[in-house]
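Inside the fold
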Amino acid sequence: MLLSKKEISILIEIVYSIVFALIFLPYFYENQEKTLILMDGLVEKIIQIIICTVIYFAIAYSILEVAFKKKETRDERDDMINSKSYKLGYLLYEFSLFIFIGYVCSKFQNKELFNLTGNLELYNSFQLTDAGIVFIVLVLLAFISVIKSLYQFYLYRTV
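Keep in mind it's a predicted model, so treat the numbers as computed, not measured. (Residues numbered from 1 in each chain as written. Predicted model: local features only at pLDDT ≥ 70, side-chain atom pairs only at ≥ 80, totals over all residues. Heavy atoms only, no water.)

**A few points about the overall build of the protein**
Secondary structure summary: the protein contains six helices and zero strands in total. When the elements of the protein are put in sequence order from the N terminus, they spell out α-α-α-α-α-α. Whereas a compact globule of 159 residues would reach a radius of gyration of roughly 15 Å, the protein reaches 20 Å, over 25% beyond that. Seen along its three principal axes, the alpha-carbon backbone of the protein occupies a region of about 70 × 35 × 20 Å. (Helix = DSSP H or I, 4+ residues; strand = E, 2+ residues; numbered from the N terminus. Rg over C-alpha atoms; globule rule 2.2 N^0.38 Å.)

**Remarks on the packing of aromatic side chains**
What the rule picks out here adds up to eight aromatic pairs. Summarising the aromatic geometry, the rings of Y16 and F20 are spaced 6.1 Å apart at their centres and angled 35 degrees between planes, so their arrangement reads as tilted. Here F20 and Y16 lie together in helix α1 (residues 5-23), a separation of four residues that amounts to about one turn. Residues Y16 and F20 agree in their burial class; the two are buried. (Phe/Tyr/Trp six-rings, centres within 6.5 Å; stacked < 30°, edge-to-face > 60°. Buried < 20%, exposed > 50% of the residue type's maximum accessible area, 1.4 Å probe, protein only.)

**Regarding the side chain of S149**
Relative to the helices and strands, S149 is located in helix α6 (residues 130-158). Not counting chain neighbours up to four residues away, the residues in contact with S149 comprise I10, E13 and I14. (Contact = heavy atoms within 4.5 Å.)

**Examining the environment of I10**
Within the secondary structure, I10 is located in helix α1. Take I10: its relative accessible area is 4%, and that puts it in the buried class. Separated by 146 residues in sequence, I10 and Y156 have C-alpha atoms that sit 9.7 Å apart. If sequence neighbours within four positions are ignored, I10 has contacts with S149, Q152, F153 and Y156.

**Concerning the packing of α1 against α6**
At a minimum axis separation of 9 Å, α1 and α6 run at an interaxial angle of 160 degrees. For the element pair α1 / α6, the angle class is roughly antiparallel. The element α1 and its partner α6 pack so that their crossing is left-handed. When α1 is examined against α6, the residues K6, E7, I10, L11, E13, I14, S17, I18 and F20 are found in contact with a partner set consisting of L138, A142, S145, V146, S149, L150, Q152, F153, Y156 and R157. (Axes fitted to C-alpha atoms, helices over the stretch in contact; angles between N-to-C directions. Parallel < 35°, antiparallel > 145°, perpendicular 65-115°, else oblique. Left-handed = near helix turned anticlockwise from the far one by under 90°.)

**Quick look at helix α3 (residues 42-67)**
Along its 26 residues, α3 runs 37 Å from first to last C-alpha, staying within 8% of the 38 Å computed at 1.5 Å per residue. Of the positions making up α3, those classed as buried are L42, K45, I49, T53, A60 and L64. On its buried side, α3 packs onto α1 and α2 (25-30). (Expected span 1.5 Å × (residues − 1).)

**Structural notes on the nonpolar core**
Membership of the largest hydrophobic core comes to 13 residues, with the highest contact counts inside it found for F20, F28 and M39. At the level of secondary structure, the elements contributing two or more residues to this core comprise α1, α2, α3 and α6. Ranked by residue count, the leading element in this core is α6, at four residues. (Core = buried A, V, L, I, M, F, W, Y, C linked by side-chain atoms within 4.5 Å.)

Structural data, given as structure tokens:
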């Protein structure tokens, strides 16, 4: 199976999204009950994410450019594939925003229901912190990025 430069570029993005989810999301998952101010090592983790991202993409695309020295032409097919994949990504972003708003509203509604029933223990356990929101947003973004890139790869392989 011979892959073009564009397809390998898409695979580089997919691998990064999966590696990001496996390496960095557990940190945000473990600290989602805290606030962003109380998270231990948040600044260091953000710096690690930035440095790892820059190094990964610099090395990956440098190797890709060395391996494929010839410039590939861009035609209508590329524009169509990019339009379809970004449309899917946009629709997924809208859907995830709807899910996110519903999640936040249900958290507040459940918390108020526990307050009305007088169950203070459950009322106090239902917390929606800013770190929890960051974790949910990062999970949704990583998921959408993988789906969009997989769809784009699929279109390049079939169209």
